[in-house]
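This is what each chain is made of:
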Amino acid sequence: MNTINKMLAAVIAITFVTTNSFAGSFGVGVAGHLVGISADGTETPGGTETGTENSVRSATAGNTAAFGSVFAEYNFGEDERFTLGVDYIAGKAQVNSKNLTRTDGASGDSNNTAGTKTANAELSDHYTYYGEFVVTNGLYLKAGFSQVEVTTQDTTTSAGTDGAYGNKTLDAWTYGIGHKGNFGERGFYKLEGYMTDYDSFNATQTGASTTGASTNSTVTANLDVVGAALRVGMK
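Throughout this description, residue numbers start from 1 for each chain and increase along the sequence as written. Local features in this predicted model are restricted to residues of pLDDT 70 or higher, and side-chain atom pairs are both shown and tallied only at a pLDDT of 80 or more, whereas totals for entire chains, interfaces and linings draw on every residue. As a rule here, side-chain values cover all heavy atoms of the structure and leave hydrogens and water aside.

## A few points about the side chain of Ser-124
Thinking step 1. The numbering of helices and of strands both runs from the N terminus, where a helix is a DSSP run of H or I of at least 4 residues and a strand a run of E of at least 2. Here Ser-124 shows up in strand β6 (residues 115–136).
Thinking step 2. Once residues lying within four places of it in the same chain are set aside, the contact partners of Ser-124 are Gly-91, Lys-92, Val-148 and Glu-149. Residue contacts are defined here by distance: any two heavy atoms, one from each residue, within 4.5 Å place the two residues in contact.

Written out as structure tokens, the structure is:
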């Protein structure tokens, strides 16, 4: 219900601002996306334990994903050179094509965290609020503000108590370039390439045991997406 409310609020806002003030057209449509996801990050263990795993750990991740989205937008003016819109991706995508795995040895404290750890993250509920400006002959530039839910997916086989990283909402800026045109009486299409630069993911574990020397670890990660989309809609 939250997703529907956010999408509906954005559409109503666009319509309210534009319908009575500007000539133009309101459009809705669907899009298909193909994207490359890349991420890199570091994890820093807390505490003063002397085990071999007590060091900064770095990793890179990547995945290719295909998914669909729905969008609504308003095109301003008789020549419709300026557009405001909102796009919602209902699907989910893994940050890495497979889980990252690490095996830790004995930590030397009372909380035995030795074992195999796996990690991944899932992206979902992706919104982009965007503006487009036609430069010439259907060629347009695009910029937008995006938000996505990041769900961490960590597992462990350790006998001790490992902490867990919480889920977060990340903000991002999206930039793109594309070409748009019309077909039939009311149809339109767009073919675009874009990149999305997300804010850093910063989190501290919760739930790790503090009975020994170990404390909660921290993680910092960077996330970027490069993609292409084909959009088809009706005005």
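## Thoughts on the pattern of salt bridges
Thinking step 1. One speaks of a salt bridge when a side-chain nitrogen belonging to Lys or Arg is within 4 Å of a carboxyl oxygen belonging to Asp or Glu. Counting across every chain of the model gives 8 salt bridges.
Thinking step 2. A salt bridge links Glu-192 to Lys-142, with the shortest nitrogen-to-oxygen separation between them at 2.9 Å. In this pair, Glu-192 sits in strand β9 (residues 187–198) while Lys-142 sits in strand β7 (residues 139–156), placing the two residues 50 residues apart along the sequence. Accessibility classification places Glu-192 together with Lys-142 in one group, the buried group.
Thinking step 3. Ionic contacts of the salt-bridge type, sharing partners, join the residues Glu-73, Asp-87, Glu-132, Lys-142, Lys-180, Lys-190, Glu-192 and Arg-231 into one network. Buried means the residue's accessible area, taken with a 1.4 Å probe over protein chains only, is under 20% of the maximum for its type, while exposed means over 50%, and partly exposed covers the values in between.

## Some remarks on the confidence of the model for the protein chain
Any region with low pLDDT has predicted coordinates that should not be read closely.
Thinking step 1. Think of pLDDT as the predictor's per-residue confidence, scored from 0 to 100. Put simply, the protein chain has an average pLDDT of 78, and 66% of its residues get 70 or more.
Thinking step 2. Predicted confidence in the protein chain is weakest over helix α1 (residues 2–18), with a mean pLDDT of 54, and strongest over β9, with 97.
Thinking step 3. The low-confidence segment residues 49–54, where pLDDT is below 50, has 18 contacts with residues more than four positions distant or belonging to other chains.
Thinking step 4. With pLDDT under 50 throughout, residues 209–214 is counted as low confidence; its partners more than four residues away or in other chains account for 13 contacts.

## Re the packing of aromatic side chains
Thinking step 1. A pair of aromatic rings is counted whenever rings of Phe, Tyr or Trp (Trp by its six-membered ring) have centres within 6.5 Å, and the orientation is called stacked for planes under 30 degrees apart, edge-to-face for over 60 and tilted otherwise. Under the criterion given, the structure shown has 6 aromatic pairs.
Thinking step 2. Measuring from centroid to centroid gives 5.4 Å for Tyr-74 and Phe-76, while their planes differ by 75°, and the two rings are edge-to-face.
Thinking step 3. Classification of Tyr-74 as buried rests on a relative accessible area of 5%.
Thinking step 4. Accessibility expressed as a relative area gives 12% for Phe-76, which makes it buried.

## Side note on the nonpolar core
Thinking step 1. To define a nonpolar core, start from buried Ala, Val, Leu, Ile, Met, Phe, Trp, Tyr and Cys residues and group those joined through side-chain atoms within 4.5 Å. If you look at the biggest cluster of nonpolar residues, it comprises 24 residues, and the most contacted ones within it are Ile-37, Val-95 and Leu-223.
Thinking step 2. Within the residue set of this core, elements represented by two or more residues are β1 (24–44), β2 (57–76), β6, β7, β8 (168–183), β9, β10 (201–204) and β11 (218–234).
Thinking step 3. In terms of residue count, the dominant contributor to this core is β11 (4 residues).

## Considering the environment of Gln-205
Thinking step 1. Mapped onto the elements of the fold, Gln-205 is located in the loop between β10 and β11.
Thinking step 2. Given a relative accessible area of 11%, Gln-205 falls into the buried group.
Thinking step 3. Here the alpha-carbon distance between Gln-205 and Ser-217, two residues 12 residues apart in the chain, equals 5.5 Å.

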